[in-house]
Amino acid sequence: MSVKYYLIAGEASGDLHASHLMTSLRRVDAHAEFRFFGGDNMAAAAQGCGTLVKHYREMAYMGFIPVLRHLPTIMRNMRLCREDIMSWQPDCVIFVDYASFNLRIAKYLRQNSRLKLYYYISPKIWAWKEWRIKNFKRDIDEMFCILPFEKDFFETKHHYPVHYVGNPTMAEVRDYLALQHSSLQPSPITTIALLAGSRRQEIKENLPAMIDAVTSLPLEWGEMEIVVAGAPGIEKDYYDTFLRDHPQIEIVFGRTYDLLSRATAALVTSGTATLETCCFNVPQVVCYHTSPARLTRWAFDHILSCKYISLVNLIADREVVPELFADRFSVDNIRRCLADILPGGKARMAMLKGYEEVHRRLGNDNAPDNAAAIIYKQLQ
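Residues numbered from 1 in each chain as written. Predicted model: local features only at pLDDT ≥ 70, side-chain atom pairs only at ≥ 80, totals over all residues. Heavy atoms only, no water.

Novice: Explain the pairing of strand S8 (residues 190-195) to me, using residue names and the numbers behind them.
Specialist: When you tally the buried positions in S8, you get six out of six residues, the bulk of the element. Neither face of S8 is left uncovered, since the one carrying Thr-190, Ile-192 and Leu-194 and the one carrying Thr-191, Ala-193 and Leu-195 both have all their residues buried. Strand direction decides the pairing type here: S8 and strand S9 (residues 224-230), joined by five bridges, are parallel. Bridge pairing in S9 links Leu-194 to Val-228. (Buried < 20%, exposed > 50% of the residue type's maximum accessible area, 1.4 Å probe, protein only. Helix = DSSP H or I, 4+ residues; strand = E, 2+ residues; numbered from the N terminus. Pairing = 2+ DSSP bridges.)

Novice: Provide a residue-level description of the pattern of salt bridges, including the pertinent values.
Specialist: Counting across every chain of the model gives 17 salt bridges. In this structure, the salt-bridge partner of Asp-84 is Arg-35, at a minimum N-O distance of 2.7 Å. In this pair, Asp-84 sits in helix H4 (residues 71-88) while Arg-35 sits in strand S2 (residues 33-38), placing the two residues 49 residues apart along the sequence. Residue Arg-35 is classed as partly exposed on the basis of its relative accessible area, which comes to 21%. A network of salt bridges, in which partner residues are shared, links Glu-11, Arg-199 and Glu-202. (Salt bridge = Lys/Arg side-chain N within 4 Å of Asp/Glu carboxyl O.)

Novice: Talk me through the environment of Val-228; I want residue IDs and the actual numbers.
Specialist: Take Val-228: it is sitting in strand S9. With relative accessibility at 0%, the residue Val-228 sits in the buried group. Distance in space between the C-alpha atoms of Val-228 and Val-252 is 6.4 Å, their sequence separation being 24 residues. Excluding its chain neighbours within four sequence positions, the residues that come into contact with Val-228 are Leu-194, Leu-207, Tyr-239, Leu-243, Ile-249, Glu-250, Ile-251, Val-252 and Leu-259. (Contact = heavy atoms within 4.5 Å.)

Novice: Kindly report on the sheet that holds strand S12 (residues 284-288), identifying the contributing residues and their values.
Specialist: Overall, parallel pairing links the six strands, which are arranged S10-S9-S8-S11-S12-S13 in an open sheet. A single partner strand is all that each edge strand has here, and the edge strands are strand S10 (249-253) and strand S13 (323-325). Here the average twist between neighbouring strands, direction ignored, is 20°. Docked against the sheet, helix H9 (residues 200-215) engages S8, S9, S10, strand S11 (265-268) and S12, running at close to 160° with respect to S8. (Axes fitted to C-alpha atoms, helices over the stretch in contact; angles between N-to-C directions.)

As structure tokens, this is what we get:
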């Protein structure tokens, strides 16, 4: 008898993590059937046993104005999702991050069905919107966390039992390095990786300053290459807007891990990419443009309930990597911090030492395998 799994991921990182969870589910459940909101990675993982209902490219809107402008589309997507789930009648629904959309679907399903509802990769309610804990307690049967400090947040502070299953990014990088180890050769060229986010607005606000900072570095590190990691779902023409005056800068798509495996240092917009960069032991500067800068700094200091914006620092519970956002975001600051982490820079070795602590705290568990085992066992 086949088990029917419905998954909902609304962003590139969610698509990647959900695809690995689907692969793990297929290992424990040879007759698994999938239906999902997601992306190309999930479609590949479900080949022959699943259907992509809606691609995340039609769902990922960031910021108040874009969300308001696309509100009719968002509401249509929610209605489609609700109706599709109720029509297909899966054995469970697995939500992957993407809280604004997923929590509304979860509320509807809890009120109108008896489906098992799982959450894989907790939304970052420990940073803001902590009041959403009541939604999880009311609507979600099991929560699977991927950051070690989240277990204490949910269980100790809010008395909500969760599973810490390990970190999927750590496992993904470990698997990549195991496959590529024999072919990896150290590069004699100083390679600077630019990871400017996965959304158009992030790229627009961060990439120009990153380019200005790295192209104005003193020429004391010898031959240097600058490479942009193109985001899934963003066409090359969009990047050309920022790169047309910099023919020396290369851009690669679908090869972020290849880039990080040879990078000397990186400029990274906050998000999963900061943790990926850490897992590859590439020193980094976290750069995130916000406006208005002073108001953002005030809100961060007085409203948000976390001390850092990067996963690296949050896991270490101290500043391992510099965070240049709000009033600290400037070309001069980015250039100065980048120089400090290049070979011979005063901060490089200390950062690499801090990475060791992050790796230790994350552990070696395989997150998708652990989550898949729990889900499958419960559904039996």
